Structure formats: C-alpha cells, structure tokens
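Breakdown of the fold
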Amino acid sequence: MDITYSFIIPVYNRPIEIKELLESMQELRFNDPFEVVIVEDGSSDPSEDIVEQFRDVLNISYYKKPNSGPGDSRNFGMKKAKGNYFLILDSDVILPPYYLTEVDKALKQHFVHCFGGPDAAHGDFSPVQKAINYSMTSLLTTGGIRGGKNQVGKFQPRSFNMGLSKEAFEVSGGFGRIHPGEDPDLALRLQKSGFDTALFPEAYVYHKRRIDWNKFYLQVYKFGLVRPILNKWHPGTAKITFWFPTVFSAGAIISVLLLLLGWPLLFNLYLLYLLAVFVHSLVLNTSVKIAAYSVWAVLVQFFGYGLGFCRSTCYLRFFNEAPEKRFPSLFFKNGKKTEDLNQEPV
C-alpha cells in the first residue's frame, strides 16, 4: 500500500522542546509530504506561538484539549490525522535528518503494523542526560534493547519513538488509560490481535529526558509499579528478568551487611560490576564525569524500579488488590478523557 505519514506529538507545558523538535523536522531528508499533528494536553504554558513559527515550512495541525494524559492525547491526534501510518513521538526528542527515510525504507522492506525505534544521546546533551541515557540503553543494564539491540521474542515499542498503522489503531482502540505503561500494554494487545511488532534499529531519535535525579528515580519507580499490572492484564508475558532490579537491590543491601560482618565477597562483586559500568561508559562517552554519573544512574534505576516492582507485586499478587484502587495516580479518569472529535484545529 501507499504509506502516508502523520507525526503525532502530545505536549504538556514544553514549548521549548516542541520548537527543537520542529526545527529538526525541518531538516528531514525525505521527498514525500508528511503531516505533523500536535495535541496540547491542557497545558498552562501552551506551544501555540511556537507552532505558528513553522506554519509556512511544515504541514502542521494544532489542537488544544483538556488534560487527559499522553495516551488519550495520542489517540485524539490519530483520530484527527490524515495519514495512514502514525509516527508517535514524545515532545522531548530530536530527529536525525534521515529518521523518516529509515522508517520508510524499513517498512517497504518488511511492513509491520507497529514498530519501535531506539533512543540515543545527542552530543549537545548535558552530562546527566548522557548518563541517564547510558543507564536506560546500555548492554550492561537493560540488555541494550532500548539502545537498538534486537531481543529474543516480540519487541514492545515505546511511545517516545513508535510507529502505528491506522488499521492497527482502529482495531486496538489505541492507548489505554494507564501511564506510564500505556505503550507496552498497546503492543501486547496488538500482538494478541495478530499484528506483528518490530524494532527498527536505524530509526533512532535523540531523547533528551530533561529530568533531574529525583525525577528519574520517580520515573523508574513508576515503571516498576506498572510492570506487575501489565503482567496481570496479560497472563503469560511475565519474565524472570523483570525481577532482576529487585534482586540486584536486595543483594546490594545484603552485601553491605555482610561486609560489616567481615564477609566482603558479595560486596566486591558489586564493586566489580559498577567498575565495569564506569569503564564501559567511559569508553562510550570519553568523559570521567559522565562515567561517574552513569554509575549513579544505574543505581538509581535499579533501586527505583526494583522497589516499585516489588511493592506492586506484593499488593497485586499477595493481597489481590485492584491496580486502580491501590495505585490511582497511574490512571487517568474516564471523566477527563476528551472525546469531542468535532473540535477544529487552532
């Protein structure tokens, strides 16, 4: 089929990031036309003035709606879009010039109804951003999956860099109300419906992740909370590897206690692992500062995710509590969802 592309970008109080993203879209090396759909999700600091600056150089539709979360905003944008293949991005990414060319090439070689691409650190990113990017994409932490390494089994795309056909969107109904976790939930539902998902390693984006250490901890903690919920919703998808951050964190605490009792072996093994992280990051980033930050980022990631995963598992599996009742902050309420599709673009 002839593929026509629509970028779908929800934005919440990030006009500067939208400007950087749109600037990168101006530099895309792609001959065919494409559409950009921006959905303002109830922002108090809107991006309308920024969008106006690009009206003459990009085919942009801009919508405002009450806050209902990124998943619902993406659904809103896809219902409004004119293309038949949606490219879903977070507002805090920058596109390399050949992004759309790589997507188009991959889909024409092997069409799939849903794909995900990796993220990378741009040279202009801060040391903290580069360290967090290392922690989220490294072979020594996540197995390199988010960084572009193929994995065993079916890939679960993430919505910071995700493609979805119009057909798959209409069949699945799009993203659910949970956040974070709305993207793997959608991918798992698509796979159950018979749609293939894939990783396109060359279709990467620069993902800024403008967060400090506290926000990073909260982010990965929520990721940990969400995974047992997804396991409950999608039986058979749980993996033993999901327990690794919890086991790592518990082992680290035990290693300190054993060290105090005069048994340093386990503690030394942890030091060797963290030294490997430091050296690996140093080789990749050629910066002692980023390498040191990377060690801290790995610890924050494992302890945050591990605690969230353990807590959520206990409440859901052992106490059989309902996810929305125990963790209401992870769900957007039905009353806040926007269904007014007659709304016209600004």
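One can find the structure itself at the top, above this paragraph.
The following paragraphs examine the structure supplied in this document.

**Describing helix H9 (residues 244-260)**
Over its 17 residues, H9 runs 24 Å from end to end, which matches the ideal 24 Å to within 8%, given 1.5 Å per residue. When we look at burial in H9, the residues that qualify are Pro245, Thr246, Phe248, Ser249, Gly251, Ala252 and Ser255. The inward-facing, buried residues of H9 abut helix H10 (265-285) and helix H11 (288-318). Once H9 finishes, Gly262 follows within two positions and takes phi at roughly 95°, a positive value.

**Digging into the packing of aromatic side chains**
One pass over the structure, following the stated rule, counts 22 aromatic pairs. Note on Tyr204 and Tyr206: the rings are 5.6 Å apart at their centroids and 75° apart in plane angle, and the pair reads as edge-to-face. In this structure Tyr204 comes out as partly exposed when scored by relative accessible area, which is 29%. Considering the side-chain rings of Phe248 and Tyr273, the 5.7 Å spacing of their centres and the 65° angle between planes classify their relative orientation as edge-to-face. Of the two residues, Phe248 is situated in helix H9 and Tyr273 in helix H10; the sequence distance between them amounts to 25 residues. Comparing Phe248 with Tyr273, the two get one shared label, buried. The rings of Tyr5, Phe30, Tyr85, Phe111, Phe115 and Phe200 are connected pair by pair, giving a single aromatic cluster. Taking the ring centre of Phe175 as reference, the NZ or CZ of Arg74 above it sits at 4.9 Å. The side chain of Arg326 reaches across the aromatic face of Tyr315, ending 3.9 Å from its centre.

What counts as what
Numbering of residues starts from 1 in each chain and follows the order in which that chain's sequence is written. This being a predicted model, a pLDDT of at least 70 is required before a residue's local features are given, and a value of 80 or more before pairs of side-chain atoms are given or counted; all residues contribute to the totals for chains, interfaces and linings. Excluding hydrogens and water, the side-chain figures rest on all heavy atoms present in the structure. Labels follow the DSSP assignment, with helices taken as runs of H or I lasting at least four residues and strands as runs of E lasting at least two, numbered in each case from the N terminus. In a helix, the anticipated span is given by 1.5 Å times the number of residues less one. Relative accessible area decides the class of each residue, using a 1.4 Å probe on protein chains only: under 20% of the type maximum gives buried, over 50% gives exposed, and in between gives partly exposed. Contacts are assigned to residue pairs with any non-hydrogen atoms lying within 4.5 Å of each other. When two rings of Phe, Tyr or Trp (its six-membered ring) have centres within 6.5 Å they constitute a pair, described as stacked for plane angles under 30 degrees, edge-to-face for angles over 60, and tilted for the intermediate range. We call a charge positioned over a ring when the NZ of a Lys or the CZ of an Arg lies within 6 Å of the ring centre and within 35 degrees of the ring normal.

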